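Listed below are the residues making up each chain.
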Amino acid sequence: MAASDLFDDDRASSPDASRLRPLDLAGADLRYAERAWPRAEADALYVALRDEIPWAPHVLNIFGREVAAPRLSCWIGDADAVYVYSGARFTPLAWTPTVARLRDMLRERHGLVFNSVLANLYRDGRDTVGWHSDDESELGAEPVIASASFGAPRTFRLRSRRTREAALSVELAHGSLLVMAGATQRLYQHALPRRAGVAAPRINLTFRRIDARAG
Ligand SMILES: O=C(O)CCC(=O)C(=O)O
Ligand SMILES: [Fe+2]
């Protein structure tokens, strides 16, 4: 089956869908391009990422115990971009050709510079990521995180860190790009909840800039 058969999507693409536009989230800096990569390119990127990345169960460290999270993942980046996530220390794998190409596109098209990426593979609608902020000290005070999505559309939710009140839901489309910056991590948490009826997988890459000295 061709990748184009996997992700039913017959929206007409408006000429502007490749531009990052601000989303309304009080105090935060959140931008979204629904079609950062055109359909055929997104299909090819999905297949390349699926096949190139050595996916493995994502391990969380919860009160000193290792627990498998409901998704596969892979940490990729420059050799010195060591990262501590959920209490576990990750030494990144070397850039694969497609992930490196995406990193270079983000620099060339959007002026965003990254030295690492957490790749996530949600096998179907039962795979999730729970509420968290990406606020580790290695990312600095106001991290810029670029989140590229390929495959099944899923709902990305944000809620207030202080009140836990729901703040925004964004449907992250196949070939979309979401950029979180400014106070987004300080003020909000995000999650990708289960979604019944989704049989197709989704790949998400969250590009980050790690300052190894701050770790
Ligand atoms: O899959 C997503 O859209 C979000 C992933 C995420 O929040 C993370 O990797 O920190
Ligand atoms: Fe995150």
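The name given to the protein in an unreviewed UniProt entry is Alkylated DNA repair dioxygenase AlkB, with the source organism recorded as Dokdonella fugitiva. A UniProt comment under Cofactor (unreviewed entry) is attached to the protein, and it reads "Fe(2+)".

### Quick notes on the sheet that holds strand 3 (residues 56-62)
Spatial strand order, 1-2-12-9-14-7-4-3: eight strands in an open sheet with antiparallel pairing. The open sheet is flanked by strand 1 (21-22) and strand 3, the only strands paired with a single partner. As paired strands, strand 9 (residues 145-151) and strand 12 (residues 176-182) are joined by five bridges and run antiparallel to one another. Looking at the pairing, A146 lines up with V179 of strand 12. Against the sheet, helix 1 (residues 39-52) contacts strand 9 and strand 14 (202-208), and its axis sits at roughly 95 degrees relative to strand 9. Relative to strand 14, helix 2 (residues 97-110) is tilted by about 55 degrees, and along the sheet it contacts strand 4 (65-77), strand 7 (116-122), strand 9 and strand 14.

### With respect to the site of ligand 1
Ligand 1 sits among L118, N120, V129, D134, S147, F156, L172, H190, L192, N204 and T206. Breaking the shell around ligand 1 down by element, the ones donating at least two residues are strand 7, strand 13 (188-192) and strand 14. Counted by class, the shell around ligand 1 contains five nonpolar, five polar and one charged residues.

### Notes on the pairing of strand 14
Across the seven residues that make up strand 14, a large majority, six, are buried. Bridge count for strand 7 against strand 14 is seven bridges, and the pairing is antiparallel. By the bridge assignment for strand 14, N120 is matched with N204. The pairing of strand 9 with strand 14 spans six bridges and is antiparallel. Each bridged residue has a counterpart across the sheet, and for S149 the counterpart in strand 14 is N204.

### Details of the sheet that holds strand 8 (residues 129-132)
Spatially, the four strands line up as an open sheet ordered 8-13-10-11, and their pairing is antiparallel. The strands lining the two open edges of the sheet, one partner per strand, are strand 8 and strand 11 (166-172). Taken pair by pair, the neighbouring strands of this sheet meet at an average axis angle of 15 degrees, ignoring direction. In the sheet, strand 10 (residues 154-160) pairs with strand 13 via four bridges, with the strands oriented antiparallel. Directly across from S160, in strand 13, lies its bridge partner Y188.

### Considerations on helix 1
The end-to-end C-alpha separation of helix 1 is 20 Å, in line with the 20 Å expected for 14 residues at 1.5 Å each. For helix 1, the full list of buried residues reads A42, D43, L45, Y46 and L49. Summarising the axial view, the buried residues of helix 1 lie within an arc of 165 degrees, below the 170-degree limit, and thus occupy one face. For helix 1, the exposed residues set more than 90 degrees away from the buried face come down to A40 and D51. On the buried face of helix 1, the contacting elements are helix 2, strand 9 and strand 14.

Conventions we followed
- Residues numbered from 1 in each chain as written.
- Chains lettered and ligands numbered in written order.
- Predicted model: local features only at pLDDT ≥ 70, side-chain atom pairs only at ≥ 80, totals over all residues.
- UniProt positions renumbered as here; feature names shortened; annotations may be inferred.
- Pairing = 2+ DSSP bridges.
- Helix = DSSP H or I, 4+ residues; strand = E, 2+ residues; numbered from the N terminus.
- Contact = placed C-beta atoms within 7 Å.
- Axes fitted to C-alpha atoms, helices over the stretch in contact; angles between N-to-C directions.
- Near = placed C-beta within 6 Å.
- Nonpolar A, V, L, I, M, F, W, Y, C, P; charged D, E, K, R; others polar.
- Buried ≥ 20, exposed ≤ 12 C-beta atoms within 10 Å, placed from the backbone.
- Expected span 1.5 Å × (residues − 1).
- Arc of directions from axis to C-beta.

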